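These are the residues of each chain, in order.
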Amino acid sequence: MDNKLNNSVAEQVQYIKNQAAQAAAACGRAPGEVQIMAVTKTVAPEYVNQAIAAGITLLGENRAQELLEKYDRYNKEGVSIHFIGHLQTNKVRQIIDKVDMIHSVGSLHLAQEIHRQAEKIGKVMPVLVEVNIGEEDSKSGIAPQQLMQLLEEMSKLSHISVQGLMAIPPICEKETENDQYFCKMEQLFIDIKQKKLDNVNMNILSMGMSRDYQRAIQFGANVVRLGTAIFGSRQ
């Protein structure tokens, strides 16, 4: 194992925790409100385990096959694994017993399959609804104007539990340009929370990545998903 990378992973985790705490404090939030998720796509398990040793307790997996290949090599004690990538319905059964939450639910069809597979193993699967907040054709997720209808349908599924929202805003040249999307997500999150739908809880707002997580925290994000900021540029 590369000791230099080893050290830099630990250093980066500490740096990010400090930056996130400062961003939370700047908008009157407690630092403990924000969870740092290490996004592990293409990262070797030994480096993921270094992040865990440095205090990361939340992993984000993007690909079902990669999760299956690396799962047994993680130091999983005290660690929660979430699936955050695009999930095909035929892959749900492969991961249903290995993850603690699925972030990327953007259709009733996928929600129904998660419900079906969770029912088979006697599990209630916590999920986040993915909102295509920039309404981009190239991205998955539900359009903002269709979100309430989807939530109402998902609330009827007894083997899933909606825990909040997630989004990946459009790539913008300037960091501040994403503020409009973060602001829209925060407002959706607040509005839905006030409606108090059965089986729909707004506990988690997952948004913000390596380049913009501090800004996302200013708009209420309490899970930020970081890959490059922790592990460096990927192949």
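The text that follows walks through the structure, step by step, so that each part is easy to find.

The rules we used
Residues numbered from 1 in each chain as written. Predicted model: local features only at pLDDT ≥ 70, side-chain atom pairs only at ≥ 80, totals over all residues. Heavy atoms only, no water. Helix = DSSP H or I, 4+ residues; strand = E, 2+ residues; numbered from the N terminus. Buried < 20%, exposed > 50% of the residue type's maximum accessible area, 1.4 Å probe, protein only. Contact = heavy atoms within 4.5 Å. Polar contact = N/O pair within 3.5 Å; in protein donor to acceptor, adjacent residues only side chain to side chain. Core = buried A, V, L, I, M, F, W, Y, C linked by side-chain atoms within 4.5 Å. Phe/Tyr/Trp six-rings, centres within 6.5 Å; stacked < 30°, edge-to-face > 60°. Lys NZ or Arg CZ within 6 Å of the ring centre and 35° of its normal.

Some thoughts on the side chain of glutamate 66
Step number 1: Its place among the elements puts glutamate 66 in helix α3 (residues 64-70).
Step number 2: The class of glutamate 66 is buried, set by a relative accessible area of 11%.
Step number 3: The residues touching glutamate 66, leaving out its near neighbours within four places in the chain, are Thr40, Lys41, Thr42 and Val43.

A few points about the side chain of serine 104
Step number 1: Summarising the element assignment, serine 104 is placed in strand β4 (residues 101-105).
Step number 2: Taking the relative accessible area as the measure of exposure, serine 104 reaches 5% and is therefore buried.
Step number 3: For serine 104, the side chain forms a polar contact with the main-chain oxygen of glycine 85, separated by 2.3 Å.

A few points about the nonpolar core
Step number 1: Counting residues in hydrophobic clusters, the biggest one holds 70 residues, and the most contacted among them are Ile102, Ile114, Leu165 and Ile230.
Step number 2: Each residue touching isoleucine 114, except ones within four places of it in the same chain, is listed here: Val92, Ile96, Ile102, Val105, Met125, Val127 and Ile160.
Step number 3: Formed by nine residues, the second largest nonpolar core is a distinct cluster that contains Met37, Leu128, Met166 and Val223.

As for the packing of aromatic side chains
Step number 1: Applying the stated rule across the entire model yields one aromatic pair.
Step number 2: Seen from the ring of tyrosine 71, lysine 76 lies directly overhead, with NZ or CZ sitting 4.2 Å from the centre.
Step number 3: Between lysine 98 and the ring centre of tyrosine 71, over which it is positioned, the NZ or CZ distance is 5.7 Å.

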